[in-house]
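These are the residues of each chain, in order.
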Amino acid sequence: MWLIDSSIGRKLIMSITGIFLVLFLIFHGTMNFVVLFSAEAYNAIAGFLGANWYALIGTKILALGFVVHILYALYLTFQNQKARGSKSYAVKNNQKGVEWASQNMLVLGIIILGFMGLHLFQFWSKMQLVEISHKLGCENAGNLELAKDGAYWVRHYFENPYYSVLYIIWLTALWFHLTHGVWSALQTIGASNNIWLPRIKVISNILATIIILMFISIPVYFLLGFSI
Amino acid sequence: MEKTINITLKIWRQAGPKAKGEFVTYKLDNVSTDSSFLEMLDVLNEKLISERKEPIVFDHDCREGICGMCSLFINGHPHGLDAGTTTCQLHMRRFKDGETITIEPWRSKAFPVLKDLRVDRNAFDKIIQAGGYVSVNTGGVPDGNAIPISKIAADEAMDAASCIGCGACAATCKNGSAMLFVAAKVSQLALLPQGRVEAAARAKAMVAKMDELGFGNCTNTGACEAECPKNVSISHIARLNREFLSAKFKD
């Protein structure tokens, strides 16, 4: 199967799953941004994403996207380190024009994954997981009322400045990951040439910044002393 | 008036492919700043021979930047610090008096060290043999205007064809990927009518060979482009991806 056997095939998988995850981030970021204006509207959107059949299918596809992206990243990195050889250079300098993020995508990915564990525990396990558990007949799985009140959990965690700072660190790592990831994904599917290469780099920087600004506005809002 | 500098050289010495190598330090005085980097190594080798020591093995041939034979990882950069030049085009005026210069061979799984600073770059030849040619009979020399080729395509093909196959891209890549080389070789032919005929098969064959030889997966860091002595652009890599993916999807 050429998607596994060939280097460009493997890269295509990284690219497609990456673009899929970026689309998810755009949705998730927009949804979060709403909470700053109206907690009710936010809860309404979150309500669509409870334990419904379509939300569950979406969650499964999303999880699959994450898993494939991460597994392929590990596999590609393993192969690349093998290709580098056992001996490394005694002196190795960085080149002009090579982004720092592009050399550290795996490290950034691991940081993002670690924080994602925290994030899933703090929000997903208190919201969708509780609803699923109740649906499956497990009555003592948690408070169903609170599970439907996403804004409560946002307030609950971000009123603690430590969590706000942690989330800002997480989102900064994600910003670096995206600034390289978005244009790299487009380059891998061949969507660039001499004219478009600089353009897609700018577009990916703008897109990464917009996504992260939408996310980061919430912990910053709380750090500034406001509440929703 | 000729200026001279005194330098210290830290050079990788390795007796053979299986031998364990090490850095050996040499002092070299009164090096003319007008001499090229390879001439400086020649002077060092003369000195070693006169001392009845074994000279340092390093690759070189035309010494005018077009054969792609010279390699050397100098102070952390393939072909030295200067952009867009090969090692033979590097001059001693770029170094300071008293400077320590570290010289290493290309390091990549696919480029095993043969001796000292010389590596086996046969892997690139094997990739070319897998499809980097035109096998259709294009007949005799046609009139120059018989097959119109746009200026843009001609320029792009020429830029790709400037790749000399030195291996700096794979040597500097943190993934040991040869994508810039393969992309240049696929592009130079795919852009022109004679090469276009076999473009799909060529892209598949050359990428398959590249993967088989143990080169890594490109992650678009752009280090190859920054170090390429011929400034081959990574936009050729995008073209290779396009060629390869469209060929695979057609199958």
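Residues numbered from 1 in each chain as written. Chains lettered and ligands numbered in written order. Predicted model: local features only at pLDDT ≥ 70, side-chain atom pairs only at ≥ 80, totals over all residues. Heavy atoms only, no water.

Asks: In this structure, what is going on with the overall build of chain A? I would like to understand it.
Replies: Helices and strands together make up the secondary structure of chain A, namely 11 helices and zero strands. The secondary structure elements of chain A, listed N-terminal to C-terminal, are α-α-α-α-α-α-α-α-α-α-α. Within chain A, buried positions represent 42% of all 228 residues. For chain A, the share of sequence-separated contacts (at least 6 apart) that also reach a separation of at least 24 residues comes to 74%. (Helix = DSSP H or I, 4+ residues; strand = E, 2+ residues; numbered from the N terminus. Buried < 20%, exposed > 50% of the residue type's maximum accessible area, 1.4 Å probe, protein only. Contact = heavy atoms within 4.5 Å.)

Asks: Explain the overall build of chain B to me, please; I cannot follow it from the model alone.
Replies: Secondary structure assignment for chain B yields nine helices and seven strands. Each principal axis of the C-alpha distribution contributes one length, and for chain B these read about 60 × 45 × 35 Å. Long-range pairs, those at least 24 residues apart, make up 69% of the contacts in chain B with a sequence separation of at least 6. In chain B, the 31 positive side-chain charges and the 30 negative ones have mean positions that sit 5 Å from each other. (Lys, Arg positive; Asp, Glu negative; His and termini not counted. Charge placed at Lys NZ, Arg CZ, Asp CG, Glu CD.)

Asks: Sorry if this is basic, but what is going on with the domain arrangement of chain B here?
Replies: Size of an interface, as often reported, equals the accessible area lost when the parts are brought together. Residues and elements named next belong to chain B. Domain assignment breaks chain B into domain 1 (4-115) and domain 2 (122-250). Inter-centroid distance (C-alpha atoms) of domain 1 to domain 2 is 29 Å. Residue-level contacts link 17 residues of domain 1 with 18 residues of domain 2. Taken together, the two surfaces of domain 1 and domain 2 that pack against each other cover about 1,300 Å², and 57% of this comes from carbon and sulfur. Together, Pro-78, Ala-110 and Phe-111 form the three largest contributors to the area buried by domain 1 at its contact with domain 2, with a combined 32%. Linking domain 1 to domain 2 there are three residue pairs in polar contact (both at pLDDT 80 or more). Across the side of domain 1 that touches domain 2, the residue classes tally to eight nonpolar, eight polar and one charged. (Domains from an automatic or database assignment. Buried area = accessible area lost by both parts, 1.4 Å probe. Polar contact = N/O pair within 3.5 Å; in protein donor to acceptor, adjacent residues only side chain to side chain. Nonpolar A, V, L, I, M, F, W, Y, C, P; charged D, E, K, R; others polar.)

Asks: Hey, could you run me through the environment of B:Phe37 in this one?
Replies: Residues and elements named next belong to chain B. Mapping Phe-37 onto the fold places it in helix α1 (residues 37-50). The exposure class assigned to Phe-37 is buried, which follows from its relative accessible area of 0%. Between the C-alpha atoms of Phe-37 and Gln-89, which are 52 residues apart in sequence, the distance is 7.7 Å.

Asks: Help me understand the sheet that holds strand β3 (residues 73-74) of chain B in this model?
Replies: Strands belonging to one sheet form pairs held by backbone hydrogen bonds; the direction of such a pair is parallel or antiparallel. Residue and element names in this part refer to chain B. Strand order in the open sheet formed by five strands is β2-β1-β5-β3-β4, with mixed pairing between adjacent strands. In this open sheet, the two edge strands, each paired with only one partner strand, are β2 (22-32) and β4 (77-78). The sheet contact formed by β3 and strand β5 (residues 100-104) spans two bridges and is antiparallel. Considered in β5, the bridge of Phe-73 is made with Glu-104. (Pairing = 2+ DSSP bridges.)

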